[in-house]
Amino acid sequence: MSDQSIPRSPGNNLDPWYANYAERTSGLAASEVRALFAVASRPEVVSLAGGMPFVSALPAEFITGSLEKVMREQGGAALQYGSGAGQPALREQILEVMALEGIRGTVDNVVTTTGSQQALDLVTKLFIDPGDVILAEAPSYVGAIGVFRSYQASVVHIAMDDDGLNPDALRETIAHLRGQGRRIKFLYTIPNFHNPAGVTLSAARRPEILEICRQNEILVLEDNPYGLLHFDEKAPDALRSIDENGVIYLGSFSKTLAPGFRVGWALAPHAIREKLILAAESAVLSPSAFSQLTVSEYLASTDWKAQIDTFRGVYKARKEAMVAALEEYLPDLSWTDPDGGFYVWLALPDRLDSKQMLPRAVKELVAYTPGTAFFADGRGRHAMRLSFCYPTPENIRVGIRRLATVVNGELDLLDTFAGTGPLQIASRDLHVSAPPPDLD
Ligand SMILES: Cc1ncc(COP(=O)(O)O)c(C=O)c1O
């Protein structure tokens, strides 16, 4: 058969290979966050959209010193392939970091990864067949939803409130799904300073959530990049500190050091850890030795806990600036008031659609992330995520003032043209507690 006779699937004008992609790519779409980065990076725009850590608060000379020392003393290893599980010295130090959140693990069960994002990908690859269910908070981290979609998982959201994931909602959803014969593979949860909701799972709920999952043989995937960035009170101990067999714990140096190193990790029960290493090796052979050795040197030679305290102070001041500005400029709306992390979740009046409003906001030189980015089922239109991690307190204030102009302008327009009567203010909840339109 000549090449010319091989049937070719129809493409389209933009992409001649359109019809050839694997089915699982149908869930691959540029996230709203990503599309926004391009616009929001213009200097005149106050971006409350991205989750970029404020790396300028790092002591640059220590980072440079660590880099130089690594090259001087371990240059050969730094430039070489390494172990699929990661550098042993760094994995020891990761145990010290996790001990701050009550976790006791063994070096053997720590696998370093290219950011915790890669760990999310690997765990999903290990457990998900198309159609399997992943339970996730409502709302949930946009980057995790993207990974889950790419493995054709069905993401079912569980309601949260100011104390985090709601155990009753979890129980009911599990029973409902089981009644339909669905296969639930794991619960994905961000217990501390949630992205995007800004809330923390209470200490009282932690054992309850774990017990529900244990009874239903559902693995827990605990994602905790923000846990050490508390403003005052420490977050309760990690879920993994209560249950070491039923929890895979993900950590990261992206928020407590810098995302540029791309160093994260997974702490997994032994059998899972074996499979994780095999999956990691087939994905990247080994994570960057250069990055891991530099992070390891930084941890060994710097007062990294004091640096985390510095970050906590920076983010606390920014959170306070955001909440004060919301109180001043948008007093009728409701928002979460986080005890740590990077994010505030703002509920809008039901008549406003955060996605539709975004172009107007960008025109007014402020950017945010529409709530729809954080749901797999189309919800989130009446909410948005506001990040306070990157802009200065002064710029946060300017940004919220501009946002108020947009919100009030939209409401005026609706009042003028729709004759909808007096403004209905959203109730003081997360605006995410309605049941999903269709659990399938
Ligand atoms: C909840 C959550 N998980 C995981 C990640 C990925 O982090 P990294 O891959 O940089 O470790 C992020 C980044 O923003 C996040 O917010």
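Just so you know, these numbers come straight off a predicted model, no measurement behind them.

Draft legend 1. Expanded view of the site of the ligand. Of all residues adjacent to the ligand, which total 14 residues, the nearest are Gly115, Ser116, Gln117, Ser252 and Ser254. Considered class by class, the residues forming the shell around the ligand number four nonpolar, nine polar and one charged.

Draft legend 2. Expanded view of the domain arrangement of the chain. The domain architecture assigned to the chain consists of domain 1 (28-51 + 307-430) and domain 2 (60-301). At the junction of the two partners, domain 1 supplies 29 residues and domain 2 supplies 29 residues. Among the secondary structure elements, those contributing two or more residues to the side of domain 1 that touches domain 2 are helix 10 (304-329) and strand 11 (343-347). Among the elements that take part in the side of domain 1 that touches domain 2, helix 10 stands out by supplying six residues, more than any other. Looking at the side of domain 1 that touches domain 2, its residues break down into 15 nonpolar, seven polar and seven charged.

Draft legend 3. Local environment of helix 6 (residues 167-179). Its 13 residues give helix 6 an end-to-end C-alpha distance of 18 Å, which sits within 8% of 18 Å, the value for a rise of 1.5 Å per residue. For helix 6, the set of buried residues is Leu170, Thr173 and Ile174. All buried residues of helix 6 lie within an arc of 100° about the axis, which places them on one face of the element. Counted as exposed and oriented over 90 degrees from the buried face of helix 6: Asp168, Ala175 and Gly179. Of the surrounding secondary structure, the elements contacted by the buried residues of helix 6 are strand 3 (133-138), strand 4 (154-161), strand 5 (164-165), strand 6 (184-189) and helix 7 (205-215). Gly181 lies just past helix 6 and shows a positive phi near 75°.

Draft legend 4. Inspection of the environment of Val344 at higher detail. For Val344, the location among the structural elements is in strand 11. When the C-alpha positions of Val344 and Phe253 are compared, they lie 22 Å apart, and in sequence the two are 91 residues distant. Not counting residues within four places of it along the chain, the set of residues in contact with Val344 comprises Gly198, Met322, Trp335, Thr336, Pro338, Leu386 and Phe388.

Draft legend 5. Representation of the packing of helix 6 against helix 7 within the structure. Packing of helix 6 against helix 7 leaves a shortest axis separation of 10 Å and a crossing angle of 5°. Relative to helix 7, the element helix 6 lies roughly parallel. Mapping the contact onto sequence places Pro167, Leu170 and Arg171 in helix 6 and Arg205, Glu208, Ile209 and Ile212 in helix 7. Residues of the contact of helix 6 with helix 7, tallied by class, amount to four nonpolar, no polar and three charged.

Draft legend 6. Spotlight on the sheet that holds strand 5. The strand order across the open sheet formed by eight strands is 2-9-8-7-6-3-4-5, and the pairing between neighbours is mixed. Whereas interior strands pair on both sides, the edge strands pair on one side only; in this sheet they are strand 2 (110-114) and strand 5. As paired strands, strand 6 and strand 7 (residues 219-223) are joined by four bridges and run parallel to one another. Bridged to Thr189 within strand 7 is Glu222. Contacting strand 2, strand 8 (247-252) and strand 9 (263-267), helix 3 (residues 88-99) runs over the sheet at an angle of about 100° to strand 2.

Draft legend 7. Just the pairing of strand 7, in detail. Here strand 7 lies mainly inside the structure; five of its five residues are buried. Side chains Leu219, Leu221 and Asp223 project from strand 7 onto one buried face, and the interleaved Val220 and Glu222 project onto a second face that is buried too. What joins strand 6 to strand 7 is helix 7, and the crossover it makes is right-handed. Taken together, the four bridges between strand 7 and strand 8 define a ladder with parallel strand orientation. By the bridge assignment for strand 8, Val220 is matched with Val247.

Here is what the cut-offs are and how they apply
- Residues numbered from 1 in each chain as written.
- Predicted model: local features only at pLDDT ≥ 70, side-chain atom pairs only at ≥ 80, totals over all residues.
- Near = placed C-beta within 6 Å.
- Nonpolar A, V, L, I, M, F, W, Y, C, P; charged D, E, K, R; others polar.
- Domains from an automatic or database assignment.
- Contact = placed C-beta atoms within 7 Å.
- Helix = DSSP H or I, 4+ residues; strand = E, 2+ residues; numbered from the N terminus.
- Expected span 1.5 Å × (residues − 1).
- Buried ≥ 20, exposed ≤ 12 C-beta atoms within 10 Å, placed from the backbone.
- Arc of directions from axis to C-beta.
- Axes fitted to C-alpha atoms, helices over the stretch in contact; angles between N-to-C directions.
- Parallel < 35°, antiparallel > 145°, perpendicular 65-115°, else oblique.
- Pairing = 2+ DSSP bridges.
- Right-handed = clockwise from strand over helix to strand, strands pointing away.

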